[in-house]
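# Secondary and tertiary structure notes
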Amino acid sequence: MKLRLILGLFLFAAFVLNAEVSAAQQFSISGFVKDEKGKPIALATVSVYKTADSAFLTATATDEKGRFSVIVNGGSYYFAVTFLSFQEKKLSNVVVSDKNINLGTIVLQEAVKLMSEIVVTSEKKLMELKLDKRIYNVSQDVSNVGANASEILANIPSVTVDPDGNVSLRGSEGVRILIDGKPSALTGLRSTDALRNLQGAMIERIEVITNPSSRYDAAGETGIINIILKKNKTRGFNGNFTGTVGYPSNFSGAYSINYRTQKMNLFSSFGSNYRQNPGNGSSSQKFSSADTSFVYNQRQNRTRRDFSVNFMAGIDYYISSNTTFTGSFLIDGGRENNLNKLFYEDLNSAGTLTRSTERTDDETATERDTELSLNLTKKFSGDKEREWTTDFKWTNSGEKESSDYSQTFSDGTKPLSQRSGNPAYEDNLLLQTDYSHAFGKDGKFETGLKGTIRRITNEFLVEEQDVNGDWITLPAFDNNMEFTEQVYAVYGLLGNKIKDFSYQFGLRGELTMMRTGLIKTNEINDRRYANLFPSASLSYALDEKNTLQLSYSYRINRPNFRNLTPFADFSDDRVYFVGNPNLNPEFTHSMEAGHLLEWSSGSLLSGVYYRYKTGVVERIRIIDTVTGVSNIVPVNLSTQKELGIEMTFAVTAFSWWKINSTVNFFRAVANGMYEGTELNSETVSWTNRTTSRMTFFKDLDFQASVNYQSPRITTQGKTLAIYSIDLGLVKDVFKGKGTLTFNVRDLMNSRRRRTVVDIPGYYSNSDFLWRPRQMTLTLNFRINQQKIQRDNDNDDNGNFEG
């Protein structure tokens, strides 16, 4: 019923808005574009601006005969006509009153310099700082070349990625990851693996919003990370091709291409990768109670092999100068084989070895995602800027995991054979419409509706072979889970500017209906809650170089599927990672004050933030001191207060030397209770990423990056410091059409996860290296593209949808 209601609202909005635009009388302005010899120029860009305020209205391209035509309302305009290697031609005071206008032939003069002589000096910055977000241009960081999305996120200041692929922002995992401003199959069912499969060569930039407004989903308590995929709109055929080889085994290829005519833009991207990553680790576990104590040590060797393919294709169809339809589909698939060998040494209280055990986990997984996206954007002509968009997205994902386990013992115990299956499938439907209406000189009102329906099924089964060779089901590890989530939202946003003071106030309402069901044991858990999420932002421009901002938002972090499913990771039969179907969402009040200082050679963004969180989900370790088995379970443990200071500094010290650095200091206090036991923590921690890039001989770049994450206290122990150094060397080849990049990641092999758990009756310390030092060599080749795009390039993908 609710889905029909939303569809009805979408159709009604479309009818009203189409009726409104049809009511306004429109006229055509046409003409021809030719060179000095009278030859037609195809694919020249004709841009239309309002004479009153120079506001951009629309643009089109000439056809093969040099002809163009645009539709406008009555008014006064000026035109700008551009094409590669020709000088720009402007036509002013084009007045439209009551009839169509023919501008005749517009002649472009050839530029004095050939394109091969043009030097692009206004290159994109590595980090673009804005009060409401930070934009990270992926291609400007040498260490990103040949990397996947997960590795690129680890390079972003204030963002950390642990060895399991979990992403944190400012020390918290409650971050929302979007693709092109919306949820995607690439961040759904298996986001950590999917981000590893997404090739960095397919990514244009990444945007980080630490305190989002009501325009965006309320999900993501610490903010939003938006990954923008490449989608070129340059006229004609353009392409970017990348190939990478590396050690340990790393082979990948990718392309991003487009072909644009006057009426349409065809675009496509592709990425494929094969990797083999060795890893290793060790831990020591000590158990003690009133009547017994024992210790076991563990060593682990792991090899991960994976092959992945991503393919995306789509079309922008320009129905008119004001209306664009976009359709695209994405196919993503892969196969993994993970071989994990664990060695246990059991010791008695005197430290004497009593038994050694070897366990092998041979896991195979296949993954696939399919995604269809449709968008209709209509811009209304008139004195004020107005825009209406509607979106539809459908995703279908599946993952099949199966493992064979074998275990041998030194004391003569019969060898153990087990096997497990863990298939999961997801369907996701999104419907959304947004409308924005400018008023006054700087005012703007926005509103929108959104509905998402998500369904996941997951079967889990573990079997053990008996003495007769028959496979017997283990009852504790046999069930089917069904998870459904429906979220319906409506929002309004109002903003304006009064002299140097700007404000924006918003309110978002969301209705959530969630069901978690264990089918075989008939355990059903229904959740339903409605919430209002206000947001506010105030800014004041002290002068052209200094701006202050104060913002507030109320956020939610709903439990994800992996935290809800009760099925265990069975790889280590002494440590089980399980979910909790009774989890409730976390809620966060987030406040932030910022100052942006800009000058000719750099910028400094500094800010103070405060977060108050309730129902904080934390994974705690529950110990069976008799068997030595640990269950790591997520629970709504505590309330938490965080106060932090963050500074991001970007400067061009010399024309050949650029420096970027971000430092985040924070203090977090957590107060929790679990089964009558207080679990509290207080920590002061900080992170830093500093990048230095130097240019030698005009076309040779050297980059060094340092990452550091200080120790952090948790409610049951602490995590130790993590640090790493990355180096890169870049050289232009093929007369500037290609770029060769050599990278070394984690030069010192120091990117290790080290943890300590210290609770009554149990102490452990662990050290794990997921991936050793990597070296890659990457070649990038461009067709009809400049190496560096200009700062004022426009990309519609950068516009978020609510």
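See the structure shown above.
The present account deals with the structure reproduced in this document.

For the rest of this paragraph, the subject is the pattern of salt bridges. Applying the stated criterion across every chain yields a total of 24 salt bridges. Here Lys-450 makes a salt bridge to Asp-217, at a shortest N to O gap of 2.7 Å. One end of the pair, Lys-450, is in strand E24 (residues 443–465); the other, Asp-217, is in the loop between strand E13 (203–209) and strand E14 (223–229), with 233 residues separating them in the sequence. One salt bridge in this structure joins Glu-371 and Lys-393, with 3.6 Å as the shortest N-O distance. With a gap of 22 residues between them, Glu-371 in strand E20 (residues 353–380) and Lys-393 in strand E21 (residues 386–409) connect regions that are remote in the sequence.

The side chains of a regular strand alternate, residue by residue, between the two faces of the sheet. Alignment of strand E22 (residues 416–421) against E24, held across 4 bridges, turns out to be antiparallel. Paired with Ser-420 across the strands is Val-462, a residue of E24. Bridging between strand E23 (residues 424–439) and E24 involves 16 bridges; their strand directions are antiparallel. Directly across from Tyr-425, in E24, lies its bridge partner Thr-457. The turn linking E23 back onto E24 is made up of 3 residues, and Gly-440 within it adopts a positive phi angle of 60 degrees. As paired elements, E24 and strand E25 (residues 471–498) share 21 bridges and run antiparallel to each other. Bridge pairing in E25 links Lys-450 to Ala-489. Connecting E24 to the antiparallel partner E25 that follows it, the hairpin turn spans 5 residues, and Gly-469 within it adopts a positive phi of roughly 85 degrees.

The next point concerns the environment of Ser-256. Secondary-structure assignment places Ser-256 in strand E16 (residues 250–260). What makes Ser-256 buried here is its relative accessible area of 8%. Sequence spacing of Ser-256 and Lys-230 is 26 residues, and the spatial spacing of their C-alpha atoms is 6.8 Å.

Take the packing of aromatic side chains next. Applying the stated rule across the entire model yields 26 aromatic pairs. An angle of 55 degrees between the planes, with centres 5.9 Å apart, marks the rings of Phe-311 and Phe-329 as tilted. With Phe-311 in strand E18 (residues 293–318) and Phe-329 in strand E19 (residues 323–347), this pair connects stretches of sequence that are 18 residues apart. Exposure remark for Phe-311: the relative accessible area of 27% places this residue in the partly exposed category. Plain terms: the ring middles of Phe-380 and Tyr-435 are 6.3 Å apart, the flat faces sit at 50 degrees to each other, and that makes the pair tilted. Note that Phe-380 is positioned in strand E20 and Tyr-435 in strand E23, a separation of 55 residues in sequence.

With respect to topology, 3 strands assemble into an open sheet ordered E4-E1-E7, the strand pairing being mixed. Each edge of the open sheet carries a strand with a single partner, namely strand E4 (67–73) and strand E7 (101–107). Here the average twist between neighbouring strands, direction ignored, is 20 degrees.

Another aspect to go through is the sheet that holds strand E3 (residues 56–61). Spatially, the 4 strands line up as an open sheet ordered E3-E2-E5-E6, and their pairing is antiparallel. Of all strands in the sheet, those with a lone pairing partner are E3 and strand E6 (89–96), marking the two edges. Within the sheet, the average angular offset between the axes of one strand and its neighbour, ignoring direction, is 20 degrees. For strand E5 (residues 75–82) and E6, the ladder comprises 6 bridges, and the chain directions are antiparallel. Paired with Ala-80 across the two strands is Lys-90, which belongs to E6.

Across 11 bridges, strand E15 (residues 236–247) lies against E16 in antiparallel orientation. Residue Gly-246 lies in a different strand from E16, and its bridge partner there is Asn-250. The loop that links E15 with its antiparallel partner E16 comprises 2 residues.

Moving on, we get to the side chain of Thr-778. As for its placement among the helices and strands, Thr-778 is situated in strand E42 (residues 774–783). When its relative accessible area of 2% is taken as the criterion, Thr-778 is described as buried.

Conventions adopted
Residues numbered from 1 in each chain as written. Predicted model: local features only at pLDDT ≥ 70, side-chain atom pairs only at ≥ 80, totals over all residues. Heavy atoms only, no water. Salt bridge = Lys/Arg side-chain N within 4 Å of Asp/Glu carboxyl O. Helix = DSSP H or I, 4+ residues; strand = E, 2+ residues; numbered from the N terminus. Pairing = 2+ DSSP bridges. Buried < 20%, exposed > 50% of the residue type's maximum accessible area, 1.4 Å probe, protein only. Phe/Tyr/Trp six-rings, centres within 6.5 Å; stacked < 30°, edge-to-face > 60°. Axes fitted to C-alpha atoms, helices over the stretch in contact; angles between N-to-C directions.

Keep in mind that these numbers describe shape and distance, not what the molecule does.
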